[in-house]
Amino acid sequence: MDPSIVAAHWEANAEAWTRHSRAGYDVYRDALNTPAFLAILPPIDGLEGLDIGCGEGSNTRKLAQRGARMTAVDIAPTFIRHAQESEAAEPLGIRYLHGDGMALPFADASFDFATAFMSLMDMPSQQTVLQQARRVLRPGGFLQFSILHPCFVPPRRRNIRDADGIPRAVEVADYFEETNGAVETWWFSSLPAEERSKVEPFRVPRFHRTLTDWVAMIVGAGLAIEAFGEPKATEAQAAAEPIIADTRVAPIFLHVRARRPD
């Protein structure tokens, strides 16, 4: 899929996505995925950081609140507008720019670290993004990113629940089927029916790769893998937010940290 088409999809999603995520409907992100990501993040206080595919800036702000001097890019102008408005209202020193992760507009060795929260799997050439991330990292710098888990969220996934609605198993299929822009339509799981009736579902181009592909791309970009994470809801978290209970059966997200050698 041409990158311009991908960008058009995300621009079309951006207004509703910002409104719904800020209203708390992105439960997987808020209750599990982002906290788990931050829990394994190395100290970043005082470092120069880049957030690739920042959306409306929610996670970028969390990084800045940890003391990092943040720059962030996204391919959708509406996301950047909302992020910039948040920065103007509550300044954290974040620089938000309209830009493509596959062609980062920065000089070599500009950043101490980079992050990408649930964005790399939505880009047509993950290999290019990884190479770009390595290029803009300083020697010894790291990239930490989260993606849909290639093994447990391939193109087809179905939760299997018992009579009480409790997740007991996950059915997956088409793991080896590489997708190059197959458009999936969905809303956030917790979005009320009344709100769904007012907006079109998100249309998200999907670029599924196997775990083998991801490891090969990371290593091929000249990065050394140093950490994996597979967030799992605790019993307490699942009781508080039943939507994320399926992550106790099999992970939905994969976290990776890879470092540019000195």
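Conventions used here
- Residues numbered from 1 in each chain as written.
- Predicted model: local features only at pLDDT ≥ 70, side-chain atom pairs only at ≥ 80, totals over all residues.
- Heavy atoms only, no water.
- Helix = DSSP H or I, 4+ residues; strand = E, 2+ residues; numbered from the N terminus.
- Buried < 20%, exposed > 50% of the residue type's maximum accessible area, 1.4 Å probe, protein only.
- Expected span 1.5 Å × (residues − 1).
- Contact = heavy atoms within 4.5 Å.
- Pairing = 2+ DSSP bridges.
- Axes fitted to C-alpha atoms, helices over the stretch in contact; angles between N-to-C directions.
- Core = buried A, V, L, I, M, F, W, Y, C linked by side-chain atoms within 4.5 Å.
- Bend = angle between axes of the 7 residues up to and from the residue.
- Left-handed = near helix turned anticlockwise from the far one by under 90°.
- Nonpolar A, V, L, I, M, F, W, Y, C, P; charged D, E, K, R; others polar.

1. Overview of unusual backbone geometry
At Met-118, a residue that is not glycine, the phi angle is positive and equals roughly 55°. Inspection of the secondary structure assignment puts Met-118 in the loop between β4 (111-117) and α5 (126-136). What makes Met-118 partly exposed here is its relative accessible area of 21%. Positive phi values are uncommon outside glycine, yet Asp-174 reaches one of about 65°. Owing to a relative accessible area of 29%, Asp-174 belongs among the partly exposed residues under this scheme.

2. Structural notes on helix α2 (residues 27-39)
Across its 13 residues, α2 extends 17 Å between first and last C-alpha, which sits within 8% of the 18 Å expected from 1.5 Å per residue. Within the span of α2, buried status applies to Val-27, Tyr-28, Arg-29, Leu-32, Asn-33, Thr-34, Phe-37 and Leu-38. Packing partners of the buried residues in α2 comprise α1 (3-22), α3 (58-65), β4, β5 (137-148), α8 (235-240) and β11 (253-259).

3. Let's talk about the sheet that holds strand β3 (residues 95-98)
What holds strands together in a sheet is hydrogen bonding between their backbones, with the strands either parallel or antiparallel. Read across the open sheet, the seven strands follow the order β3-β2-β1-β4-β5-β11-β10; overall the sheet is mixed. Of all the strands in the sheet, the pair left with one neighbour each is β3 and β10 (224-229). Strand-to-strand twist across the sheet, computed as the mean angle between neighbouring axes with direction ignored, equals 15°. With seven bridges joining them, β5 and β11 adopt antiparallel strand pairing. By the bridge assignment, Phe-142 is partnered in β11 with Arg-259. Across the sheet, α3 is in contact with β1 (48-52), β2 (69-74), β3 and β4; its angle to β2 comes to roughly 170°. Where helix α4 (residues 77-89) meets the sheet, it contacts β2 and β3, and its direction lies at approximately 165° from that of β3.

4. Examining the nonpolar core
Judged by nonpolar contacts, the single largest core of 28 residues is most densely connected at Leu-50, Ile-52, Leu-120, Leu-130, Leu-143 and Phe-145. Among the secondary structure elements, those contributing two or more residues to this core are β1, β4, α5, β5, α7 (211-220) and β11. Residue contacts for Ile-52: discarding those within four places in its chain leaves Val-73, Gly-101, Leu-104, Ala-114, Thr-115, Ala-116, Phe-117, Ser-119, Met-123, Val-129 and Ala-133. In this structure, Phe-37, Ala-64, Met-70 and Tyr-96 belong to the second largest nonpolar core, which totals 17 residues.

5. Digging into the side chain of Ser-86
When you line up the elements, Ser-86 lands in helix α4. We classify Ser-86 as buried; its relative accessible area is 17%. Excluding residues within four positions of it along the chain, Ser-86 makes contact with Arg-22 and Arg-61.

6. Comments concerning α1
When the terminal C-alpha atoms of α1 are compared, their 27 Å separation across 20 residues agrees well with the 28 Å that a helix rising 1.5 Å per residue should span. The principal kink in α1, of about 45°, is found at Ala-14. Among the residues of α1, Val-6, Ala-7, His-9, Trp-10, Asn-13, Ala-14, Ala-16, Trp-17, Thr-18, His-20 and Ser-21 are the ones counted as buried. Taken together, the buried residues of α1 touch α2, α4, β8 (182-186), α6 (193-196) and β9 (202-206). Just past α1, the residue Gly-24 takes up positive phi, approximately 95°.

7. Re the environment of Glu-171
With respect to the helices, strands and loops of the structure, Glu-171 is situated in strand β7 (residues 167-173). Linking Glu-171 and Arg-158, residues 13 residues apart in sequence, is a C-alpha distance of 5.1 Å. Apart from residues no more than four positions distant in its own chain, Glu-171 is found in contact with Arg-156, Arg-157, Arg-158 and Ile-160.

8. Some thoughts on the pairing of strand β6 (residues 156-161)
Relative to β7, β6 is paired through six bridges, and the arrangement is antiparallel. Residue Arg-158 lies in a different strand from β7, and its bridge partner there is Glu-171. Linking two consecutive strands that pair antiparallel, namely β6 and β7, is a turn of five residues; a positive phi of about 85° is found at Gly-165 within it.

9. Some thoughts on the packing of α5 against α7
Interhelical geometry of α5 versus α7 gives an angle of 35° and a closest axis separation of 9 Å. Seen along the crossing, α5 lies across α7 with a hand that is right-handed. The residues of α7 that touch α5, namely those facing Gln-126, Gln-127 and Leu-130, are Trp-214, Met-217, Ile-218 and Gly-220. Of the residues assigned to the contact of α5 with α7, the class counts are four nonpolar, three polar and no charged.

10. Some details on the packing of α1 against α4
At a minimum axis separation of 7 Å, α1 and α4 run at an interaxial angle of 35°. Taking contact as the criterion, the partners of Trp-10, Glu-11, Ala-14, Glu-15, Trp-17, Thr-18 and Arg-22 in α1 are, on α4, Pro-77, Thr-78, Phe-79, Arg-81, His-82, Ala-83 and Ser-86. By residue class, the composition of the contact of α1 with α4 is six nonpolar, four polar and four charged.

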